[in-house]
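Read off the chains here:
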Amino acid sequence: MPIVNRVADLQPDIQAWRRDIHEHPELLYDVHRTAAFVADRLREFGCDEVVTGIGQTGVVGVIKGSKPAGEGLKVIGMRADMDALPVEEETNLPYASKTPGKMHACGHDGHTAMLLGAARYLAETRNFAGDAVVIFQPAEEGGAGGAAMVKDGLMERFGIEQVYGMHNGPGIPIGSFAIRPGPIMAATDEVDIMIEGFGGHAARPHKCVDSVLVGAQVITALQSIVARSVDPLESAVISICEFHAGNARNVIPQTATLRGTIRTLTPEVRRLVEKRVHEVVAGVAQITGAKIDLRYKRNYPVVNNHAAETEVATRIAKHVAGEANVLEMPPLMGGEDFAYMLEARPGAFIFCGNGDSAGLHHPAYNFNDEAIVYGTSYWVKLVEEQLAAS
């Protein structure tokens, strides 16, 4: 495998950084220790510019190549996420989380460490023309840190022309990558449904408007949207995952609250599902006599890989892992706020194999350090090939 030899030499250091970050997980925008760790390393490496506080707690490093820039592409961005999850770790590893109730259950510790490794290599060698911009983002896990960095002028301030992201993939073999053009991860919208009926004694339901029964009808009716309103060749998921009502077995509760998530892969289906959710909820309210308030929030957009940049990412991955080890994957219905960066600039998002590990967001998950050399080599080759002197 054509892993970069110097990257293999750096693997112990990158692993040590990863495990240090793993021991000290931080949530959302409160990634002050991690951001300081990243900024200190970037300064040690000799980055030409290190900027903190982008998108609240994001960090950006700029590394200038030693070759004269030609007429083509001059600046590319590479993004890693830094935040952890509110999960109690169950790995029993010697470097397990030292903070109760928080852990790196999605591998952002590995993402950050691999991009740091690439930054160190690129700052040492500078065998490219133009600027390599390394982006370390807070608050991917529900906080829209990607959007915050974009709104803070990330792309314009650093002149980024293309942007690339990477995520580890449990179940994808170590030394393999997976990618696809177009939609690769879903839009993730949120619904909160507040039902007000008329409470009373469980033995006299005819005198009540039962909020529990209304909630059950809402849930059932919402499933008809995917089954009967969405083209079977398209994709959509409606999952109501919270149902709160009542606190006694013989009292029909006055109110109930439902909360859930909606996943779609195209703007057209997203609009259709949102419209139908409003219509279905209003219909249930009308036939039951309950008052129902719906809060529908558009969250992360679809992660949409641009065609030309996906070809670039695929070519680089094949160079690192071999053609047989780069897979075209089906879309995932999970979400990713790298979507905001892909709305701002052309680019591509790729998955790097994490082997036979526990799944993402599971308390037994751990980023596989054997993936480090592949992910870091990918970043290095991406810069050196995309920013080759013309």
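Residues numbered from 1 in each chain as written. Predicted model: local features only at pLDDT ≥ 70, side-chain atom pairs only at ≥ 80, totals over all residues. Heavy atoms only, no water.

The protein chain has the name Amidohydrolase in an unreviewed UniProt entry, where Bradyrhizobium arachidis is given as its organism.

Peer 1: Sorry, what's going on with the pattern of salt bridges here?
Peer 2: One side chain can pair with another of opposite charge once the charged atoms of both are near each other. Throughout the structure, instances matching the rule amount to 26 salt bridges. We note a salt bridge from R298 to E274, for which the minimum N-O separation is 2.9 Å. Here R298 is found in strand 13 (residues 291-300), whereas its partner E274 is found in helix 7 (residues 267-288), with 24 residues between them in sequence. Note that E279 and R276 form a salt bridge whose closest N and O atoms lie 2.7 Å from each other. Of this pair, E279 and R276 are both found in helix 7, three residues apart, which corresponds to roughly one turn of the helix. Residue classification places E279 among the partly exposed residues on the basis of a relative accessible area of 34%. For R276, a relative accessible area of 23% puts it in the partly exposed group. (Salt bridge = Lys/Arg side-chain N within 4 Å of Asp/Glu carboxyl O. Helix = DSSP H or I, 4+ residues; strand = E, 2+ residues; numbered from the N terminus. Buried < 20%, exposed > 50% of the residue type's maximum accessible area, 1.4 Å probe, protein only.)

Peer 1: What should I look at first to understand the packing of helix 3 (residues 108-125) against helix 10 (residues 372-386) in this one?
Peer 2: Geometry of a packed helix pair, given as the angle between the helix axes and the separation of the axes. Two elements in contact, helix 3 and helix 10, have axes whose closest approach is 8 Å; the angle formed by their N-to-C orientations is 45°. With respect to their mutual orientation, helix 3 and helix 10 come out oblique. Note that helix 3 runs across helix 10; the crossing there is right-handed. In contact with M114, L115, G117, A118, Y121, L122 and T125 of helix 3, helix 10 contributes I372, G375, T376, W379, V380, V383 and E384. Class assignment of the residues belonging to the contact of helix 3 with helix 10 gives a composition of nine nonpolar, four polar and one charged. (Axes fitted to C-alpha atoms, helices over the stretch in contact; angles between N-to-C directions. Parallel < 35°, antiparallel > 145°, perpendicular 65-115°, else oblique. Left-handed = near helix turned anticlockwise from the far one by under 90°. Contact = heavy atoms within 4.5 Å. Nonpolar A, V, L, I, M, F, W, Y, C, P; charged D, E, K, R; others polar.)

Peer 1: I tried to follow the sheet that holds strand 6 (residues 177-179) on my own but got confused; where do I start?
Peer 2: Sheets are built from strands paired through backbone hydrogen bonds, the pairs being either parallel or antiparallel. Spatially, the eight strands line up as an open sheet ordered 1-2-4-3-5-16-6-15, and their pairing is mixed. The outermost strands of the open sheet, each flanked by one partner alone, are strand 1 (49-54) and strand 15 (326-328). Here the average twist between neighbouring strands, direction ignored, is 25°. Here strand 3 (residues 75-81) runs beside strand 4 (residues 131-137); their pairing, made up of seven bridges, is parallel. Across the sheet, the residue bridging to A80 is F136, located in strand 4. Across the sheet, helix 3 is in contact with strand 2 (58-64), strand 3, strand 4 and strand 5 (162-169); its angle to strand 3 comes to roughly 145°. Packing of helix 10 onto the sheet brings it into contact with strand 3, strand 4, strand 5, strand 6 and strand 16 (347-353), and relative to strand 5 it is tilted by some 165°. (Pairing = 2+ DSSP bridges.)

Peer 1: Before we go on, may I ask you to explain the environment of R6 in this structure?
Peer 2: Along the chain, R6 turns up in helix 1 (residues 5-23). Since its relative accessible area comes to 30%, R6 is described here as partly exposed. Non-local contacts of R6, meaning those with residues more than four positions away in its chain, are made with R120, Y121 and E124.

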